[in-house]
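Residues per chain, in single letters:
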Amino acid sequence: WLGRNGYLLTFQNITLLEEAYIQAKQLDDLKSRWIRTVSHELRTPLNGVMGVFQLLEHNEIGKAYRKLVETGIGASQTLLLYISDLLDYFQLQAGTFNVSPKEFTLDDVISR
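It should be emphasised that the depicted structure is a prediction, and the values quoted were computed from it without experimental measurement.

Colleague: Any chance you could explain the overall build of the chain here in plain terms?
Modeller: Of regular secondary structure, the chain possesses three helices and zero strands. In sequence order, the secondary structure elements of the chain are arranged as α-α-α. Per-residue burial over the chain gives 12% buried out of 112 residues. At a minimum sequence separation of 6, the contacts of the chain that also span at least 24 residues come to 53%.

Colleague: Looking at this structure, I do not really get the side chain of Ser-76. What am I missing?
Modeller: If you trace the backbone, Ser-76 turns up in helix α2 (residues 63–94). Residue Ser-76 is classed as buried on the basis of its relative accessible area of 5%. Polar side-chain contacts of Ser-76 include one of 2.8 Å to the backbone oxygen of Gly-72.

Colleague: Teacher, can you tell me more about the pattern of salt bridges here?
Modeller: For the coordinates displayed, the defined rule picks out two salt bridges. Salt-bridge contacts for Lys-25 lead to Asp-29; the nearest nitrogen and oxygen are separated by 3.6 Å. Of this pair, Lys-25 and Asp-29 both sit in helix α1 (residues 11–57), four residues apart, which is roughly one turn of that helix. The exposure class assigned to Lys-25 is partly exposed, which follows from its relative accessible area of 42%. According to the relative accessible area criterion, Asp-29 is partly exposed, its value standing at 35%.

Rules and cut-offs
- Residues numbered from 1 in each chain as written.
- Predicted model: local features only at pLDDT ≥ 70, side-chain atom pairs only at ≥ 80, totals over all residues.
- Heavy atoms only, no water.
- Helix = DSSP H or I, 4+ residues; strand = E, 2+ residues; numbered from the N terminus.
- Buried < 20%, exposed > 50% of the residue type's maximum accessible area, 1.4 Å probe, protein only.
- Contact = heavy atoms within 4.5 Å.
- Polar contact = N/O pair within 3.5 Å; in protein donor to acceptor, adjacent residues only side chain to side chain.
- Salt bridge = Lys/Arg side-chain N within 4 Å of Asp/Glu carboxyl O.

Here's what the structure looks like:
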């Protein structure tokens, strides 16, 4: 069969292309599973760390320790946000990202 650009494609070429497509699809599926697993494995201990900081925040501690706890909470929240953004990016790339409407005020978004 003569292709669009005049190249001759044999059954052997088509079989190789099909095999390459199947292999690429399998690698893409493997990447998606790996990302979901890593995301879960990072979030679980991070949520534990955040929980400990929040418990400390609600106890009587000195000013110096309170500042450390606040720093830990802020850093943990930022890291959790980065992990979520990374997972969202890969879901967008895979075409599995779900968008749901959410109410917000523009002033709150701008003030961040």
